[in-house]
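So you can see what is in the structure, the chains are spelled out below.
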Amino acid sequence: MENGTVYNETTEPEAKAPRRRPFGCTLEHLWGWRLPAKVVQAIFSFVAVVCEEIVEDCSYCSGLYFFEFISCSAFLLSLLILCVYCTDMYESLGKEKVQKL
């Protein structure tokens, strides 16, 4: 028994930890035309928020408040999509949960 033929190692050697990307950024889930489209969407929605904030005086503000809500929501959602698809959050949540979102 001392020669080791009976007792072999039953566990695999410990694998090296994968090298982490800076800030977990990756473009493998949002590639092709989708990445530039999402970036342009975020820029346009941010410009819409800024343009809405420039208005100082209005007589009927209900349309302006609606535009503010829509443009701010579009900006925040486009940033959320970029963060989920371009970071490690996509792997941690899983493809099914991301599609449900």
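Residues numbered from 1 in each chain as written. Predicted model: local features only at pLDDT ≥ 70, side-chain atom pairs only at ≥ 80, totals over all residues. Heavy atoms only, no water.

Trainee: For this particular structure, what's the right way to read the state of the cysteines?
Mentor: Two cysteines joined by a covalent bond between their sulfur atoms form a disulfide. Counting across every chain of the model gives 1 disulfide. We note that Cys83 lacks a disulfide partner, and the nearest cysteine sulfur, in Cys86, lies 8.1 Å from it. Under the relative-accessibility criterion, Cys83 is labelled partly exposed at 40%. Judged by its relative accessible area of 12%, Cys86 is buried. (Disulfide = S-S within 2.5 Å. Buried < 20%, exposed > 50% of the residue type's maximum accessible area, 1.4 Å probe, protein only.)

Trainee: Honestly, the nonpolar core in this entry has me stumped. Any pointers?
Mentor: In summary, soluble globular proteins display a tendency toward joint burial of nonpolar side chains. Core analysis: the largest hydrophobic core is formed by 8 residues, namely Leu30, Ala42, Leu82, Val84, Tyr85, Cys86, Tyr90 and Val98. Sorting elements by how many residues they give to this core places helix 2 (residues 62-86) first, with 4 residues. With residues near it in sequence (within four places) discarded, Leu82 still touches Leu30, Leu35, Lys38, Val39 and Ala42. (Core = buried A, V, L, I, M, F, W, Y, C linked by side-chain atoms within 4.5 Å. Helix = DSSP H or I, 4+ residues; strand = E, 2+ residues; numbered from the N terminus. Contact = heavy atoms within 4.5 Å.)

Trainee: Help me understand the packing of helix 1 (residues 34-54) against helix 2 in this model?
Mentor: Think of two packed helices as two axes; the pair is described by the angle between the axes and how far apart they sit. Where helix 1 contacts helix 2, the two axes come as close as 8 Å, and the packing angle between them is 150°. One element, helix 1, and the other, helix 2, form an angle in the roughly antiparallel class. Viewed along their axes, helix 1 and helix 2 form a crossing whose handedness is left-handed. Each of Arg34, Leu35, Lys38, Val39, Gln41, Ala42, Ser45, Phe46, Ala48, Val49, Glu52 and Glu53 in helix 1 lies in contact with helix 2, whose residues at this interface are Leu64, Phe67, Glu68, Ser71, Cys72, Ala74, Phe75, Ser78, Ile81, Leu82, Tyr85 and Cys86. (Axes fitted to C-alpha atoms, helices over the stretch in contact; angles between N-to-C directions. Parallel < 35°, antiparallel > 145°, perpendicular 65-115°, else oblique. Left-handed = near helix turned anticlockwise from the far one by under 90°.)

Trainee: What should I look at first to understand the side chain of Ser78 in this one?
Mentor: Structurally, Ser78 can be placed in helix 2. By relative accessible area, which is 1% here, Ser78 ends up buried. Setting aside residues no more than four positions away along its own chain, Ser78 makes contact with Gln41, Ala42 and Ser45.

Trainee: Help me out: how do you make sense of the UniProt feature "transmembrane region" (unreviewed entry) in the protein chain in this one?
Mentor: In the numbering used here, UniProt assigns the "transmembrane region" (unreviewed entry) feature to residues 64-87. As a span, residues 64-87 carries 96% helix and 0% strand, and end to end its C-alpha atoms are 34 Å apart. (UniProt positions renumbered as here; feature names shortened; annotations may be inferred.)

Trainee: What exactly am I supposed to notice about the environment of Leu64 here?
Mentor: By the secondary structure assignment, Leu64 is in helix 2. Expressed as a C-alpha distance, the spacing of Leu64 and Glu53, which sit 11 residues apart in the sequence, is 9.7 Å. Contacts of Leu64, omitting those with residues within four sequence positions, involve Glu52, Val55 and Cys58.

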